[in-house]
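The residues making up each chain are set out below.
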Amino acid sequence: MLSSSSRRTVALLVLGVVMAAIFAADTLTDYAVAAACFYAAVILAASRVLSARGLVRLAALCIGLTGLSFFLTRFGTYRIGLVNSAIGMLVIGITTWLALKMEAAKAAVQDAQARLLRVARASTVGELTTSIAHEVNQPLAAIASSAEASQRWLAQDPPNVDKARQTLARILADAHRASDVIARVRGLTRGAVPERQGFDLNQALLEMLALSHSELEQHAVTLSTQLDDALPPVFGDRVQVQQVIGNLILNAVDAMAEVPAGSRRLVLRSWRASPTRVAMSVRDHGSGLPLDAPERVFDAFWTTKSGGLGLGLSLSRSILEAHDGQIRAEPVADGGACFVFELPIDGGGPHG
Ligand SMILES: Nc1ncnc2c1ncn2[C@@H]1O[C@H](COP(=O)(O)OP(=O)(O)OP(=O)(O)O)[C@@H](O)[C@H]1O
Ligand SMILES: [Mg+2]
């Protein structure tokens, strides 16, 4: 295989030979033969290997050779030779100009492509960073509030070691959750597929509730659950579905911040929605969804919170749709909001 610089040298040598042949033909044949026009082909071929300045020099050389041929030619009508040489020089000039334009356009396209690629890469990295920040922030916030709680238990006289031990266990569980999320994101960037398997949705919810315990207690939220004990296992990525549940619980807690402490009720239900699907609802008694456009809450970056990213629901919807599931906000009669999501049961979908 030839290197690119030796390929260039070979190309220039071949072009030199072709130019010599054109010069010989132009000089030795009759004035009536407009051989100089073939220099145009040389210019076009050379535009692939020469810089703009090199190409202009080559064009000047071709024009010079055409003039020299004219003076050296001995056959034919002088006037016809003059006209043909002038046409040849014009063709060389126009071809050079077009070749330069073409190369400039090609360079502009290449430049635009490179810029587009950089933008695409930056926005993927940006999106990924935002979503990692969002998902890891949840367990980190829970760790901070559990740590504060355990400090309070230990500061009591006598210290409540039992309670402190329980809070430490929650910190540990939250820390594991954060590292699970990171591991999953790492897997995603390596192109690994999410880990899908059959799992108990009620159990996944109860685990999330255990982790949200201090958050709910701190905000004086009373919890009630109506879980269907006979629920079949669902099929999906357990950690991702737990992220969805966590997002819905956090939103519910935020929405109830403004209502009196005694009315902050969170109701979680699960049931079999159809022979192939299981549903779960997260119902709060908070401020309720915007009346004019409730669907907007699923838009990425749509938020009414000062510290919100507006990503929780849009990420949740992407996760569920990737699971062949869905999520919707249901209208509620007496204030608050109700989010319902559905997932296929294990063995009930096309995967099983
Ligand atoms: N349970 C709810 N009750 C009332 N409004 C809600 C509820 N859940 C979501 N919303 C509205 O939808 C918006 C978008 O929610 P989403 O979870 O996507 O983002 P966020 O909570 O604002 O920020 P973050 O990215 O931290 O989750 C919220 O800002 C809020 O206005
Ligand atoms: Mg949210």
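About the cut-offs
- Residues numbered from 1 in each chain as written.
- Chains lettered and ligands numbered in written order.
- Predicted model: local features only at pLDDT ≥ 70, side-chain atom pairs only at ≥ 80, totals over all residues.
- Heavy atoms only, no water.
- Near = heavy atom within 4 Å.
- Polar contact = N/O pair within 3.5 Å; in protein donor to acceptor, adjacent residues only side chain to side chain.
- Areas by Shrake-Rupley, 256 points an atom, 1.4 Å probe, with all protein chains shown as cover.
- Nonpolar A, V, L, I, M, F, W, Y, C, P; charged D, E, K, R; others polar.
- Patch = residues over 30% accessible without salt bridge, like charges linked within 9 Å, V, L, I, M, F, W, Y side chains within 5 Å.
- Salt bridge = Lys/Arg side-chain N within 4 Å of Asp/Glu carboxyl O.
- Helix = DSSP H or I, 4+ residues; strand = E, 2+ residues; numbered from the N terminus.
- Buried < 20%, exposed > 50% of the residue type's maximum accessible area, 1.4 Å probe, protein only.
- Pairing = 2+ DSSP bridges.
- Axes fitted to C-alpha atoms, helices over the stretch in contact; angles between N-to-C directions.
- Arc of directions from axis to C-beta.
- Phe/Tyr/Trp six-rings, centres within 6.5 Å; stacked < 30°, edge-to-face > 60°.

Undergrad: Account for the site of ligand 1, with residues named and values stated.
TA: Among the 20 residues in the neighbourhood of ligand 1, the closest are listed as Asn 251, Asp 284, Thr 303, Thr 304 and Lys 305. Within the backbone of Gly 312, a nitrogen or oxygen atom sits 3.3 Å from an oxygen atom of ligand 1. Compared with its free state, where it exposes 600 Å², ligand 1 has 91% of that area covered by protein. Considering only residue class, the shell around ligand 1 consists of nine nonpolar, nine polar and two charged.

Undergrad: Describe in detail a nonpolar patch on the surface, supporting the description with residues and values.
TA: On the surface, a cluster of nonpolar side chains totalling about 450 Å² of accessible area is made up of Leu 90, Ile 94, Trp 97 and Leu 98. Tracing the backbone through its elements, the reader meets Trp 97 in helix 4 (residues 78-155). Looking at Trp 97, the relative accessible area reads 52%, which means it is exposed.

Undergrad: Describe the sheet that holds strand 2 (residues 222-227), listing the residues and the values that go with them.
TA: If you walk across this open sheet you meet the five strands as 2-4-5-7-6, and the pairing is mixed. Two strands in the sheet have a free side with no partner beyond their single neighbour: strand 2 and strand 6 (326-330). For this sheet, the mean inter-axis angle between neighbouring strands, taken without regard to orientation, is 15°. Across seven bridges, the pairing between strand 5 (residues 277-284) and strand 7 (residues 338-344) is antiparallel. Counterpart to Val 278 in the pairing with strand 7 is Leu 343.

Undergrad: Residues and numbers for the pattern of salt bridges, please.
TA: For the structure shown, the criterion picks out nine salt bridges. The partner of Lys 106 in a salt bridge is Glu 103, with the nearest N and O atoms 3.3 Å apart. Highlighted residues: Lys 106 and Glu 103, both in helix 4, separated by three residues, approximately one helical turn. The partly exposed category is assigned to Lys 106, whose relative accessible area is 42%. With its nearest N and O atoms 3.5 Å apart, the salt bridge here joins Glu 342 to Arg 328. Highlighted residues: Glu 342 in strand 7 and Arg 328 in strand 6, separated in sequence by 14 residues.

Undergrad: Pulling in residues and values, what's your account of unusual backbone geometry?
TA: Cis geometry is adopted by the peptide bond preceding Pro 158, which originates at Asp 157 and carries an omega value of 0°. Among the secondary structure elements, Pro 158 is positioned in the loop between helix 4 and helix 5 (161-189). For Ala 220, which is not a glycine, the phi torsion comes out positive at approximately 55°. With respect to the element layout, Ala 220 can be found in the loop between helix 6 (201-218) and strand 2. A positive phi angle, near 70°, is found at Phe 301, a position not held by glycine. As for its placement among the helices and strands, Phe 301 is situated in the loop between strand 5 and helix 8 (312-322).

Undergrad: Please provide a residue-by-residue account of helix 2 (residues 39-46), values included.
TA: Within the sequence span of helix 2, burial applies to Tyr 39, Ala 40, Val 42, Ile 43 and Ala 46. Viewed along the axis of helix 2, the buried residues span an arc of 160°, placing them on a single side of the element.

Undergrad: Lay out the packing of aromatic side chains with the relevant residues and their values.
TA: One pass over the structure, following the stated rule, counts five aromatic pairs. Relative to Tyr 78, the ring of Tyr 31 has its centre 6.2 Å away and its plane inclined at 90°; by these criteria the two rings are edge-to-face. With Tyr 31 in the loop between helix 1 (4-28) and helix 2 and Tyr 78 in helix 4, the pair connects residues that are 47 residues apart, well separated along the chain. With a relative accessible area of 49%, Tyr 78 lands in the partly exposed category. Through a chain of ring-to-ring contacts, three or more aromatic side chains come together here, namely Tyr 31, Phe 70, Phe 71 and Tyr 78.

All quantities given are derived from atomic positions and should not be read as evidence of function.
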